[in-house]
Amino acid sequence: MSKVPDGFHRVRGHIRRNPKPRSAKRMSGWMIAGLLAGVWLWGQVFGFSESTATTPPADPKPAASATGDR
């Protein structure tokens, strides 16, 4: 049999590359889905500060059923 080069190993008669260590910075699909679900739940429970954007008018107009002064 031939010698296997550095960085490779033999598996069932084939030469395969050695696995590389995974980076800790990489996020899985489940982690991303969990973060998106957390943001969505935060928006459902606490809102995204919508109460400051819509303020009621300071001087409301009288209703149509109110009597007018003559």
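Nothing here was measured: the structure is a model prediction, and the numbers come from that model.

(A) Region of the structure containing the overall build of the protein chain. Helices and strands together make up the secondary structure of the protein chain, namely one helix and two strands. When the elements of the protein chain are put in sequence order from the N terminus, they spell out β-β-α. Of all 70 residues assigned to the protein chain, the portion counted as buried reaches 1%.

(B) Representation of the confidence of the model for the protein chain in the model. Averaged over all residues, the pLDDT of the protein chain equals 78, while 67% of them reach at least 70. Within the protein chain, the lowest mean pLDDT, 89, falls on strand E2 (residues 14–17), and the highest, 91, falls on helix H1 (residues 29–45).

(C) Fine view of a nonpolar patch on the surface. On the surface, a cluster of nonpolar side chains totalling about 490 Å² of accessible area is made up of Met27, Met31, Ile32, Leu35 and Leu36. Looking at Met31, the relative accessible area reads 44%, which means it is partly exposed.

(D) Region of the structure containing the environment of Gly7. On the secondary structure map, Gly7 appears in the segment before strand E1 (8–11). Residue class for Gly7 comes out partly exposed when judged on its relative accessible area of 39%. In sequence terms Gly7 and Arg17 are ten residues apart; their C-alpha atoms lie 6.1 Å from each other. Among all residues touching Gly7, those that are not within four sequence positions of it are Arg17 and Asn18.

Conventions and cut-offs
Residues numbered from 1 in each chain as written. Predicted model: local features only at pLDDT ≥ 70, side-chain atom pairs only at ≥ 80, totals over all residues. Heavy atoms only, no water. Helix = DSSP H or I, 4+ residues; strand = E, 2+ residues; numbered from the N terminus. Buried < 20%, exposed > 50% of the residue type's maximum accessible area, 1.4 Å probe, protein only. pLDDT = per-residue confidence, 0-100. Patch = residues over 30% accessible without salt bridge, like charges linked within 9 Å, V, L, I, M, F, W, Y side chains within 5 Å. Areas by Shrake-Rupley, 256 points an atom, 1.4 Å probe, with all protein chains shown as cover. Salt bridge = Lys/Arg side-chain N within 4 Å of Asp/Glu carboxyl O. Contact = heavy atoms within 4.5 Å.

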